Amino acid sequence: MPSQVQTQGLVSRRLYRVVRGTVVVVLTGILIAGLLGKIPQLDILEQSARNLYFHVPMWFALMAATIVSAYHSAQHLRHGDRIRDLRAREAARLGLIFGGLGIVTGMVWARFTWYEGTGVWWNFDPKQSMAAVLLLIYGGYFVLRDAIDAPRTRGRIAAVYNLFAVVTMPFLLYILPRQMPSLHPGGEGSPAFSQTDLAPAMRWVFYPSVLAFLGLCWLLYTQRVRLAWLREVLRQKALGNAHGDGDAAH
Amino acid sequence: MTIHPLRPSDSAALRPGQERPDTTTAYDSTWTEQPAHSAPEGLDRIMGQDGKIYVVLAVVLLIWIGVVALLFRTDRQIDELERRVDRSISENE
(Lines give C-alpha, C1' and ligand atoms only; values in the text may rest on other atoms or scores of the structure.)
Protein backbone atom coordinates (compact mmCIF):
# COMPACT_ATOMS: atom_id res chain seq x y z
CA MET A 1 0.00 0.00 0.00
CA PRO A 2 1.55 3.32 -0.97
CA SER A 3 1.57 5.45 2.11
CA GLN A 4 0.33 8.47 0.16
CA VAL A 5 -3.23 7.17 0.00
CA GLN A 6 -3.34 6.93 3.77
CA THR A 7 -5.38 9.62 5.42
CA GLN A 8 -3.03 10.23 8.31
CA GLY A 9 0.18 12.21 8.02
CA LEU A 10 -1.29 15.45 6.66
CA VAL A 11 -0.09 17.20 9.80
CA SER A 12 2.35 16.37 12.56
CA ARG A 13 0.25 15.24 15.50
CA ARG A 14 2.77 16.56 17.96
CA LEU A 15 2.88 20.02 16.40
CA TYR A 16 -0.91 20.08 16.30
CA ARG A 17 -1.22 19.17 19.98
CA VAL A 18 1.35 21.77 21.02
CA VAL A 19 -0.40 24.53 19.05
CA ARG A 20 -3.80 23.44 20.35
CA GLY A 21 -2.66 23.52 23.97
CA THR A 22 -0.96 26.88 23.52
CA VAL A 23 -3.98 28.42 21.81
CA VAL A 24 -6.35 27.24 24.52
CA VAL A 25 -4.15 28.58 27.33
CA VAL A 26 -3.25 31.88 25.65
CA LEU A 27 -6.78 32.68 24.44
CA THR A 28 -8.18 31.95 27.89
CA GLY A 29 -5.64 34.43 29.25
CA ILE A 30 -6.58 36.93 26.53
CA LEU A 31 -10.26 36.75 27.51
CA ILE A 32 -9.41 37.42 31.16
CA ALA A 33 -6.79 40.12 30.54
CA GLY A 34 -8.84 41.62 27.71
CA LEU A 35 -11.83 42.20 29.97
CA LEU A 36 -10.03 43.07 33.21
CA GLY A 37 -6.75 44.63 32.08
CA LYS A 38 -5.90 48.29 32.32
CA ILE A 39 -6.57 50.44 29.27
CA PRO A 40 -6.18 54.20 28.67
CA GLN A 41 -9.25 56.34 29.25
CA LEU A 42 -10.26 57.76 25.88
CA ASP A 43 -13.28 59.73 24.73
CA ILE A 44 -15.54 58.11 22.13
CA LEU A 45 -13.75 54.75 22.46
CA GLU A 46 -14.07 54.35 26.25
CA GLN A 47 -14.22 50.64 27.18
CA SER A 48 -14.78 49.66 23.54
CA ALA A 49 -11.01 50.03 23.04
CA ARG A 50 -10.86 46.46 24.34
CA ASN A 51 -12.30 45.41 20.98
CA LEU A 52 -8.78 45.85 19.64
CA TYR A 53 -7.89 42.48 21.18
CA PHE A 54 -10.63 40.69 19.30
CA HIS A 55 -11.50 42.65 16.14
CA VAL A 56 -7.99 43.26 14.76
CA PRO A 57 -6.74 39.63 15.05
CA MET A 58 -9.62 38.63 12.76
CA TRP A 59 -7.91 40.57 9.95
CA PHE A 60 -4.51 39.13 10.74
CA ALA A 61 -6.10 35.69 10.46
CA LEU A 62 -7.69 36.64 7.13
CA MET A 63 -4.36 37.87 5.76
CA ALA A 64 -2.53 34.74 6.85
CA ALA A 65 -5.28 32.50 5.46
CA THR A 66 -5.30 34.21 2.06
CA ILE A 67 -1.51 33.99 1.79
CA VAL A 68 -1.53 30.30 2.76
CA SER A 69 -4.35 29.72 0.28
CA ALA A 70 -2.44 31.43 -2.53
CA TYR A 71 0.71 29.47 -1.70
CA HIS A 72 -1.11 26.17 -2.06
CA SER A 73 -2.81 27.35 -5.24
CA ALA A 74 0.60 28.13 -6.72
CA GLN A 75 1.87 24.70 -5.66
CA HIS A 76 -1.23 23.12 -7.15
CA LEU A 77 -0.51 24.80 -10.48
CA ARG A 78 3.09 23.63 -10.39
CA HIS A 79 2.52 20.00 -9.41
CA GLY A 80 -1.19 19.36 -9.86
CA ASP A 81 -1.56 17.70 -6.45
CA ARG A 82 -5.15 17.31 -5.39
CA ILE A 83 -4.34 17.95 -1.73
CA ARG A 84 -2.93 21.39 -2.62
CA ASP A 85 -6.24 22.33 -4.17
CA LEU A 86 -8.08 21.19 -1.04
CA ARG A 87 -5.66 23.11 1.19
CA ALA A 88 -6.14 26.25 -0.90
CA ARG A 89 -9.90 25.86 -0.69
CA GLU A 90 -10.01 25.34 3.07
CA ALA A 91 -7.58 28.21 3.74
CA ALA A 92 -9.75 30.50 1.60
CA ARG A 93 -12.80 29.32 3.52
CA LEU A 94 -11.18 30.15 6.87
CA GLY A 95 -10.13 33.52 5.45
CA LEU A 96 -13.71 34.23 4.46
CA ILE A 97 -15.00 33.22 7.90
CA PHE A 98 -12.50 35.34 9.82
CA GLY A 99 -12.96 38.23 7.38
CA GLY A 100 -16.72 38.01 7.86
CA LEU A 101 -16.26 38.09 11.63
CA GLY A 102 -13.90 41.04 11.21
CA ILE A 103 -16.32 43.06 9.14
CA VAL A 104 -19.30 42.36 11.41
CA THR A 105 -17.38 43.16 14.59
CA GLY A 106 -16.05 46.29 12.88
CA MET A 107 -19.60 47.36 12.01
CA VAL A 108 -20.75 46.97 15.60
CA TRP A 109 -17.70 48.81 16.91
CA ALA A 110 -18.05 51.69 14.45
CA ARG A 111 -21.79 51.99 15.05
CA PHE A 112 -21.25 52.92 18.71
CA THR A 113 -18.11 55.02 18.30
CA TRP A 114 -17.75 56.88 14.99
CA TYR A 115 -21.46 56.79 14.22
CA GLU A 116 -22.73 56.94 17.81
CA GLY A 117 -26.17 58.50 17.96
CA THR A 118 -26.62 58.48 14.19
CA GLY A 119 -28.09 55.02 13.87
CA VAL A 120 -25.71 54.41 10.93
CA TRP A 121 -24.44 50.83 10.72
CA TRP A 122 -22.65 51.19 7.39
CA ASN A 123 -21.31 54.48 6.10
CA PHE A 124 -19.11 53.36 3.21
CA ASP A 125 -15.95 54.24 5.02
CA PRO A 126 -13.15 53.28 2.58
CA LYS A 127 -11.73 50.71 4.99
CA GLN A 128 -15.11 49.03 5.41
CA SER A 129 -16.01 49.15 1.72
CA MET A 130 -12.68 47.82 0.52
CA ALA A 131 -12.81 45.01 3.08
CA ALA A 132 -16.29 44.15 1.80
CA VAL A 133 -14.97 44.11 -1.79
CA LEU A 134 -12.19 41.73 -0.71
CA LEU A 135 -14.70 39.37 0.88
CA LEU A 136 -16.80 39.46 -2.32
CA ILE A 137 -13.70 38.56 -4.36
CA TYR A 138 -13.12 35.55 -2.12
CA GLY A 139 -16.81 34.71 -2.30
CA GLY A 140 -16.33 34.67 -6.07
CA TYR A 141 -13.65 32.01 -5.63
CA PHE A 142 -16.21 29.62 -4.19
CA VAL A 143 -18.84 30.50 -6.80
CA LEU A 144 -16.24 29.75 -9.48
CA ARG A 145 -15.39 26.42 -7.86
CA ASP A 146 -19.03 25.40 -7.70
CA ALA A 147 -19.50 26.22 -11.37
CA ILE A 148 -16.96 23.62 -12.58
CA ASP A 149 -17.64 19.91 -12.20
CA ALA A 150 -14.41 18.29 -13.39
CA PRO A 151 -12.03 18.25 -10.38
CA ARG A 152 -8.82 18.83 -12.34
CA THR A 153 -10.18 21.73 -14.38
CA ARG A 154 -11.77 23.16 -11.27
CA GLY A 155 -8.53 22.97 -9.34
CA ARG A 156 -6.49 24.70 -12.05
CA ILE A 157 -8.95 27.49 -12.86
CA ALA A 158 -9.69 28.17 -9.19
CA ALA A 159 -5.95 28.30 -8.45
CA VAL A 160 -5.38 30.92 -11.15
CA TYR A 161 -8.30 32.98 -9.84
CA ASN A 162 -6.95 32.64 -6.30
CA LEU A 163 -3.57 34.06 -7.32
CA PHE A 164 -5.31 37.13 -8.72
CA ALA A 165 -7.46 37.38 -5.58
CA VAL A 166 -4.52 37.46 -3.18
CA VAL A 167 -2.87 40.27 -5.13
CA THR A 168 -5.88 42.51 -4.42
CA MET A 169 -5.64 41.84 -0.65
CA PRO A 170 -2.91 44.35 0.32
CA PHE A 171 -4.37 46.95 -2.03
CA LEU A 172 -7.90 46.64 -0.70
CA LEU A 173 -6.94 46.39 2.97
CA TYR A 174 -4.04 48.86 3.14
CA ILE A 175 -3.02 50.83 0.10
CA LEU A 176 -6.34 52.14 -1.19
CA PRO A 177 -7.95 52.98 2.19
CA ARG A 178 -4.87 55.02 3.08
CA GLN A 179 -5.27 57.19 0.00
CA MET A 180 -8.72 58.28 1.12
CA PRO A 181 -10.15 60.08 4.11
CA SER A 182 -11.17 57.37 6.55
CA LEU A 183 -12.07 57.26 10.21
CA HIS A 184 -10.33 53.93 10.62
CA PRO A 185 -6.87 54.00 12.24
CA GLY A 186 -4.30 53.76 9.48
CA GLY A 187 -6.26 56.14 7.27
CA GLU A 188 -4.70 59.06 5.43
CA GLY A 189 -1.26 57.58 5.29
CA SER A 190 -0.71 57.07 9.03
CA PRO A 191 0.32 53.60 10.07
CA ALA A 192 -2.21 51.96 12.36
CA PHE A 193 0.26 50.60 14.86
CA SER A 194 3.08 53.06 15.23
CA GLN A 195 4.99 53.44 18.47
CA THR A 196 2.58 56.00 19.82
CA ASP A 197 -0.69 54.32 18.88
CA LEU A 198 -0.82 51.52 21.41
CA ALA A 199 -0.42 51.87 25.17
CA PRO A 200 2.25 49.58 26.66
CA ALA A 201 -0.25 47.73 28.85
CA MET A 202 -2.31 46.86 25.78
CA ARG A 203 0.61 45.49 23.78
CA TRP A 204 0.97 42.61 26.22
CA VAL A 205 -2.56 41.52 25.43
CA PHE A 206 -2.78 42.54 21.79
CA TYR A 207 0.28 40.79 20.32
CA PRO A 208 -0.37 37.42 22.03
CA SER A 209 -3.98 37.75 20.94
CA VAL A 210 -2.95 38.09 17.29
CA LEU A 211 -0.74 35.01 17.57
CA ALA A 212 -3.41 33.03 19.41
CA PHE A 213 -6.09 33.78 16.82
CA LEU A 214 -3.65 32.89 14.03
CA GLY A 215 -3.14 29.59 15.87
CA LEU A 216 -6.89 29.05 16.22
CA CYS A 217 -7.30 29.72 12.50
CA TRP A 218 -4.61 27.14 11.75
CA LEU A 219 -6.27 24.54 14.02
CA LEU A 220 -9.63 24.95 12.28
CA TYR A 221 -7.91 24.93 8.88
CA THR A 222 -6.13 21.68 9.75
CA GLN A 223 -9.39 20.06 10.85
CA ARG A 224 -11.04 21.09 7.59
CA VAL A 225 -8.14 19.84 5.47
CA ARG A 226 -8.18 16.45 7.20
CA LEU A 227 -11.92 16.15 6.65
CA ALA A 228 -11.64 17.27 3.02
CA TRP A 229 -8.89 14.70 2.41
CA LEU A 230 -10.97 11.96 4.04
CA ARG A 231 -13.80 12.79 1.67
CA GLU A 232 -11.40 12.75 -1.27
CA VAL A 233 -9.98 9.35 -0.29
CA LEU A 234 -13.47 7.90 0.10
CA ARG A 235 -14.50 9.39 -3.23
CA GLN A 236 -11.52 7.83 -5.00
CA LYS A 237 -12.20 4.55 -3.22
CA ALA A 238 -15.78 4.64 -4.44
CA LEU A 239 -14.50 5.24 -7.96
CA GLY A 240 -12.37 2.14 -7.51
CA ASN A 241 -9.10 3.89 -8.15
CA ALA A 242 -7.87 4.47 -4.65
CA HIS A 243 -4.57 3.00 -5.78
CA GLY A 244 -4.14 5.25 -8.78
CA ASP A 245 -3.90 8.97 -8.15
CA GLY A 246 -2.19 8.08 -4.91
CA ASP A 247 0.46 10.66 -5.63
CA ALA A 248 -2.01 13.31 -4.62
CA ALA A 249 -0.85 13.65 -1.03
CA HIS A 250 1.59 16.52 -0.52
CA MET B 1 -32.37 50.26 42.59
CA THR B 2 -34.46 52.58 44.66
CA ILE B 3 -38.21 52.46 45.07
CA HIS B 4 -39.93 55.81 45.21
CA PRO B 5 -42.85 55.32 47.55
CA LEU B 6 -45.79 57.47 46.54
CA ARG B 7 -46.02 60.50 48.75
CA PRO B 8 -48.85 62.97 48.38
CA SER B 9 -46.32 65.70 47.68
CA ASP B 10 -44.73 63.86 44.76
CA SER B 11 -47.10 64.47 41.94
CA ALA B 12 -50.56 63.72 40.86
CA ALA B 13 -49.23 61.32 38.30
CA LEU B 14 -50.35 58.02 39.74
CA ARG B 15 -53.50 58.73 41.68
CA PRO B 16 -56.21 56.13 41.09
CA GLY B 17 -58.62 56.91 38.38
CA GLN B 18 -56.29 59.07 36.40
CA GLU B 19 -55.01 58.56 32.90
CA ARG B 20 -51.92 56.49 32.27
CA PRO B 21 -48.83 58.66 32.67
CA ASP B 22 -46.95 59.13 29.43
CA THR B 23 -43.49 59.72 30.84
CA THR B 24 -41.27 56.71 31.31
CA THR B 25 -39.98 57.90 34.65
CA ALA B 26 -43.48 57.66 36.07
CA TYR B 27 -43.03 53.89 35.85
CA ASP B 28 -39.83 53.94 37.94
CA SER B 29 -39.87 51.35 40.62
CA THR B 30 -36.74 51.58 42.69
CA TRP B 31 -35.95 51.50 46.37
CA THR B 32 -35.32 54.82 48.06
CA GLU B 33 -34.66 53.34 51.43
CA GLN B 34 -31.74 50.96 51.34
CA PRO B 35 -32.48 47.87 53.38
CA ALA B 36 -30.10 47.54 56.30
CA HIS B 37 -28.11 44.91 54.50
CA SER B 38 -24.82 43.48 55.53
CA ALA B 39 -21.81 43.63 53.24
CA PRO B 40 -22.02 40.97 50.53
CA GLU B 41 -20.07 37.86 51.29
CA GLY B 42 -18.33 35.09 49.46
CA LEU B 43 -19.10 34.80 45.77
CA ASP B 44 -21.37 37.86 45.81
CA ARG B 45 -18.53 40.03 47.04
CA ILE B 46 -16.19 38.90 44.28
CA MET B 47 -18.68 38.94 41.43
CA GLY B 48 -20.17 42.29 42.40
CA GLN B 49 -16.91 44.20 42.11
CA ASP B 50 -16.12 46.71 39.36
CA GLY B 51 -19.59 47.01 37.94
CA LYS B 52 -20.08 43.22 37.86
CA ILE B 53 -17.56 42.77 35.02
CA TYR B 54 -16.66 39.40 36.56
CA VAL B 55 -20.12 38.13 35.70
CA VAL B 56 -19.41 38.95 32.05
CA LEU B 57 -16.04 37.23 32.34
CA ALA B 58 -17.69 34.11 33.75
CA VAL B 59 -20.18 34.00 30.85
CA VAL B 60 -17.47 34.52 28.22
CA LEU B 61 -15.27 31.83 29.77
CA LEU B 62 -18.15 29.35 29.86
CA ILE B 63 -18.77 29.92 26.14
CA TRP B 64 -15.05 29.54 25.45
CA ILE B 65 -14.94 26.25 27.38
CA GLY B 66 -17.80 24.99 25.20
CA VAL B 67 -15.98 25.98 22.00
CA VAL B 68 -12.75 24.33 23.16
CA ALA B 69 -14.62 21.14 24.06
CA LEU B 70 -16.07 21.12 20.54
CA LEU B 71 -12.59 21.58 19.06
CA PHE B 72 -11.22 18.59 21.01
CA ARG B 73 -14.22 16.39 20.25
CA THR B 74 -13.96 17.12 16.54
CA ASP B 75 -10.26 16.25 16.61
CA ARG B 76 -11.04 12.92 18.27
CA GLN B 77 -13.73 12.13 15.70
CA ILE B 78 -11.42 12.95 12.79
CA ASP B 79 -8.73 10.71 14.33
CA GLU B 80 -11.22 7.87 14.59
CA LEU B 81 -12.48 8.37 11.01
CA GLU B 82 -8.93 8.39 9.62
CA ARG B 83 -8.12 5.15 11.43
CA ARG B 84 -11.26 3.48 10.08
CA VAL B 85 -10.70 4.62 6.50
CA ASP B 86 -7.04 3.57 6.55
CA ARG B 87 -7.99 0.17 7.95
CA SER B 88 -10.59 -0.40 5.25
CA ILE B 89 -8.12 0.66 2.54
CA SER B 90 -5.46 -1.77 3.71
CA GLU B 91 -8.03 -4.57 4.04
CA ASN B 92 -9.02 -4.08 0.39
CA GLU B 93 -5.53 -4.72 -0.81
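Residues numbered from 1 in each chain as written. Chains lettered and ligands numbered in written order. Predicted model: local features only at pLDDT ≥ 70, side-chain atom pairs only at ≥ 80, totals over all residues. Heavy atoms only, no water.

Enquirer: Can you break down the overall build of chain A residue by residue, with the values?
Expert: A count of helical and extended segments in chain A gives six helices and zero strands. Counting helices and strands in the order they occur from the N terminus, chain A gives α-α-α-α-α-α. A fraction of 74% describes how many contacts in chain A between residues 6 or more apart in sequence connect residues 24 or more apart. Summed over its atoms, the accessible surface of chain A is roughly 12500 Å², and 66% of this surface lies on carbon and sulfur atoms. (Helix = DSSP H or I, 4+ residues; strand = E, 2+ residues; numbered from the N terminus. Contact = heavy atoms within 4.5 Å. Areas by Shrake-Rupley, 256 points an atom, 1.4 Å probe, with all protein chains shown as cover.)

Enquirer: I'd like a rundown of the overall build of chain B, residues and numbers included.
Expert: When its secondary structure is counted, chain B shows two helices and zero strands. Taking all 93 residues of chain B together, 15% fall into the buried category. A separation threshold of at least 6 residues defines the contact pool for chain B, and within that pool the share at least 24 residues apart is 57%. Entry remark: accessible area of chain B is about 7500 Å², with carbon and sulfur atoms responsible for 59%. (Buried < 20%, exposed > 50% of the residue type's maximum accessible area, 1.4 Å probe, protein only.)

Enquirer: Which residues make up the nonpolar core, and what values go with them?
Expert: Core analysis: the biggest nonpolar cluster contains 45 residues, and Leu27, Leu52, Tyr53, Phe98, Met202 and Phe206 of chain A have the highest contact counts within it. Those elements that place two or more of their residues in this core are α1 (13–36), α2 (52–79), α3 (82–111) and α6 (200–238) of chain A together with α2 (49–91) of chain B. With 15 residues, α6 of chain A is the largest single contributor of residues to this core. Beyond its immediate stretch of four places on either side in the chain, Phe98 of chain A contacts Met58, Ala61, Leu62, Phe213, Cys217 and Leu220 of chain A. (Core = buried A, V, L, I, M, F, W, Y, C linked by side-chain atoms within 4.5 Å.)

Enquirer: Hey, could you go over the side chain of Arg20 of chain A for me, with residue numbers and the actual values?
Expert: When you line up the elements, Arg20 of chain A lands in helix α1. If near-sequence neighbours (up to four positions away) are discounted, Arg20 of chain A is found in contact with Leu219 of chain A together with Leu71, Phe72 and Asp75 of chain B.

Enquirer: Report on the packing of α2 of chain A against helix α5 (residues 151–179) of chain A, specifying residues and quantitative values.
Expert: Residues and elements named next belong to chain A. It is at 9 Å that the axes of α2 and α5 come closest, and there the two elements cross at 145°. With respect to the hand of their crossing, α2 and α5 are arranged in left-handed fashion. Packed against α2, whose contacting residues are Trp59, Leu62, Met63, Thr66, Ile67, Ser69, Ala70, Ser73, Ala74, His76 and Leu77, the element α5 presents Gly155, Arg156, Ala159, Val160, Asn162, Leu163, Val166, Met169, Leu173 and Tyr174 at the interface. In the contact of α2 with α5, the residues fall into 14 nonpolar, six polar and one charged. (Axes fitted to C-alpha atoms, helices over the stretch in contact; angles between N-to-C directions. Left-handed = near helix turned anticlockwise from the far one by under 90°. Nonpolar A, V, L, I, M, F, W, Y, C, P; charged D, E, K, R; others polar.)

Enquirer: Could you give an account of a nonpolar patch on the surface, with specific residues and numbers?
Expert: Residues and elements named next belong to chain A. A contiguous nonpolar surface patch, about 370 Å² in accessible area, is contributed by Val104, Val108, Phe112 and Trp121. The topology assignment puts Val108 in helix α3. Note on Val108: relative accessible area 39%, which makes it partly exposed. (Patch = residues over 30% accessible without salt bridge, like charges linked within 9 Å, V, L, I, M, F, W, Y side chains within 5 Å. Salt bridge = Lys/Arg side-chain N within 4 Å of Asp/Glu carboxyl O.)

Enquirer: Can you tell me about the packing of helix α4 (residues 126–147) of chain A against α5 of chain A, naming the residues and giving the values?
Expert: All names here are of chain A. Viewed as axis vectors pointing N to C, α4 and α5 meet at an angle of 180°, and their least axial separation amounts to 9 Å. Here α4 is positioned roughly antiparallel relative to α5, judged by the angle of their axes. Partitioned by chemical class, the residues of the contact of α4 with α5 number 20 nonpolar, three polar and three charged. (Parallel < 35°, antiparallel > 145°, perpendicular 65-115°, else oblique.)

Enquirer: Residue-level account of the interface of chain B and chain A, with values.
Expert: Contact residues are listed per partner, giving 23 residues for chain B and 26 residues for chain A. Between chain B and chain A, a total of about 2500 Å² is buried, with carbon and sulfur atoms accounting for 68% of that surface. On the chain B side of the interface with chain A, the three residues burying the most area are Trp64, Glu82 and Ile89 of chain B, jointly 26% of the side's total. Applying the counting criterion to the chain B and chain A interface returns five salt bridges. Of the charged contacts in the structure, one is a salt bridge between Asp79 of chain B and Arg13 of chain A, with a shortest N-O distance of 3.4 Å. Here chain B and chain A share nine residue pairs in polar contact (both at pLDDT 80 or more) between them. Here the residues of the side of chain B that touches chain A sort into 14 nonpolar, three polar and six charged. (Buried area = accessible area lost by both parts, 1.4 Å probe. Polar contact = N/O pair within 3.5 Å; in protein donor to acceptor, adjacent residues only side chain to side chain.)

Enquirer: How would you explain the packing of aromatic side chains if you had to name every residue and give the values?
Expert: Residue and element names in this part refer to chain A. With the rule as written, the count across this model stands at nine aromatic pairs over all chains. Taking 6.4 Å as the distance between ring centres and 75° as the angle between the ring planes, the aromatic pair formed by Phe60 and Phe206 counts as edge-to-face. Of the two residues, Phe60 is situated in helix α2 and Phe206 in helix α6; the sequence distance between them amounts to 146 residues. By relative accessible area, which is 30% here, Phe60 ends up partly exposed. (Phe/Tyr/Trp six-rings, centres within 6.5 Å; stacked < 30°, edge-to-face > 60°.)

Enquirer: Can you explain the pattern of salt bridges? Please cite residues and give values.
Expert: Residue and element names in this part refer to chain A. Evaluated as defined, the whole model comprises 13 salt bridges over all chains. We note a salt bridge from Arg82 to Glu232, for which the minimum N-O separation is 3.1 Å. In this pair, Arg82 sits in helix α3 while Glu232 sits in helix α6, placing the two residues 150 residues apart along the sequence. Owing to a relative accessible area of 13%, Arg82 belongs among the buried residues under this scheme. By relative accessible area, which is 4% here, Glu232 ends up buried.

Enquirer: Requested: an account of unusual backbone geometry, with residues and values cited.
Expert: At Glu46 of chain A, a residue that is not glycine, the phi angle is positive and equals roughly 50°. As for its position among the elements, Glu46 of chain A is in the loop between α1 and α2.

Enquirer: A description of the side chain of Asp86 of chain B should follow, citing residues and the corresponding values.
Expert: If you trace the backbone, Asp86 of chain B turns up in helix α2. One buried charge, Asp86 of chain B, has no salt-bridge partner; the nearest side chain with opposite charge is Arg13 of chain A, at 7.3 Å. Filtering out sequence-adjacent residues up to four positions away, Asp86 of chain B remains in contact with Gln6, Thr7 and Gln8 of chain A. (Lys, Arg positive; Asp, Glu negative; His and termini not counted.)

Read these as spatial facts, not as claims about activity.
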